[in-house]
Amino acid sequence: LQQNPDNYALKFNYAETLMVAGEAEQALAEMASLVSWHPTDPALRKLYSQVAKEAGQRTTAREQLAEYFYLLGDIEPAIQQLRLALSDNKKIDYYQAARIGARMKELQIEYNATAKKR
């Protein structure tokens, strides 16, 4: 990583290793960086969800799991994860709630549009 700090595979494996080693907070920072580079990678979103859960950030874990499902084309479970994230009102701030609500609305519109085509 020191020689190749932008190498995706190395950073992914490093984050995974950090999580296994119990360094969830550091792994979370690595995951945030990776997701900003590769937002459409389902495996990355799933790992991010697991790392966030290990770090005790349930809302972030649910958001990332929602994106994982969405990237797989499973909009309904993605919406469900966002609903669960919003219902965790003890650990969610106004800005998270607004972001999650907006994303849920986007997915609901897309889901309704695809349901009408069937």
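Below or above, wherever it landed, is the structure these notes cover.

Looking only at helices and strands, the protein has six helices and zero strands in total. Taken from the N to the C terminus, the helices and strands of the protein come in the order α-α-α-α-α-α. With respect to the three principal axes, the spread of C-alpha positions in the protein is 50 × 35 × 20 Å. Burial status across the protein gives 36% buried among its 118 residues. Of all intrachain contacts in the protein linking residues separated by at least 6 positions in sequence, the fraction that spans at least 24 positions is 46%. On the protein, roughly 7300 Å² of surface is accessible, and the fraction owed to carbon and sulfur atoms is 51%.

Turning our eyes to something else, we now look at the packing of helix α5 (residues 75-87) against helix α6 (residues 94-117). The axes of two packed helices give the description: the angle between them and the distance between them. Between α5 and α6, the least distance of the axes is 9 Å, while the angle of their chain directions is 155 degrees. Considered as vectors, α5 and α6 are oriented roughly antiparallel to each other. The two elements α5 and α6 meet at a crossing, and its hand is left-handed. Between α5, through I75, E76, A78, I79, L82, R83, A85 and L86, and α6, the contact on the second element is made entirely by A97, I100, G101, R103, M104, L107, Q108, E110 and Y111. Here the residues of the contact of α5 with α6 sort into 11 nonpolar, two polar and four charged.

This part is about the packing of aromatic side chains. Counted according to the given criterion, the structure contains three aromatic pairs. When the centroid spacing of 6.0 Å and the interplanar angle of 45 degrees are considered together, the rings of Y8 and F12 count as tilted. Within this pair, Y8 and its partner F12 are both found in helix α1 (residues 8-20), separated by four residues, close to a single helical turn. The class of Y8 is partly exposed, set by a relative accessible area of 25%. Just above the ring of Y70 sits the side chain of R103; from NZ or CZ to the centre is 4.7 Å.

A few words on the nonpolar core. In a soluble, globular protein the nonpolar side chains are often hidden away together inside. Counting 17 residues, the largest nonpolar core has L28, M31, L44, L47 and V51 as the members making the most contacts within it. Elements supplying a minimum of two residues to this core: α1, α2 (24-37) and α3 (42-54). In terms of residue count, the dominant contributor to this core is α2 (six residues). Ignoring any residue separated from it by four or fewer positions in sequence, one finds L47 in contact with F12, E16, M19 and M31. A66, A78, A85 and M104 belong to the second largest nonpolar core, which has 12 residues in total.

Cut-off values and rules
Residues numbered from 1 in each chain as written. Predicted model: local features only at pLDDT ≥ 70, side-chain atom pairs only at ≥ 80, totals over all residues. Heavy atoms only, no water. Helix = DSSP H or I, 4+ residues; strand = E, 2+ residues; numbered from the N terminus. Buried < 20%, exposed > 50% of the residue type's maximum accessible area, 1.4 Å probe, protein only. Contact = heavy atoms within 4.5 Å. Areas by Shrake-Rupley, 256 points an atom, 1.4 Å probe, with all protein chains shown as cover. Axes fitted to C-alpha atoms, helices over the stretch in contact; angles between N-to-C directions. Parallel < 35°, antiparallel > 145°, perpendicular 65-115°, else oblique. Left-handed = near helix turned anticlockwise from the far one by under 90°. Nonpolar A, V, L, I, M, F, W, Y, C, P; charged D, E, K, R; others polar. Phe/Tyr/Trp six-rings, centres within 6.5 Å; stacked < 30°, edge-to-face > 60°. Lys NZ or Arg CZ within 6 Å of the ring centre and 35° of its normal. Core = buried A, V, L, I, M, F, W, Y, C linked by side-chain atoms within 4.5 Å.

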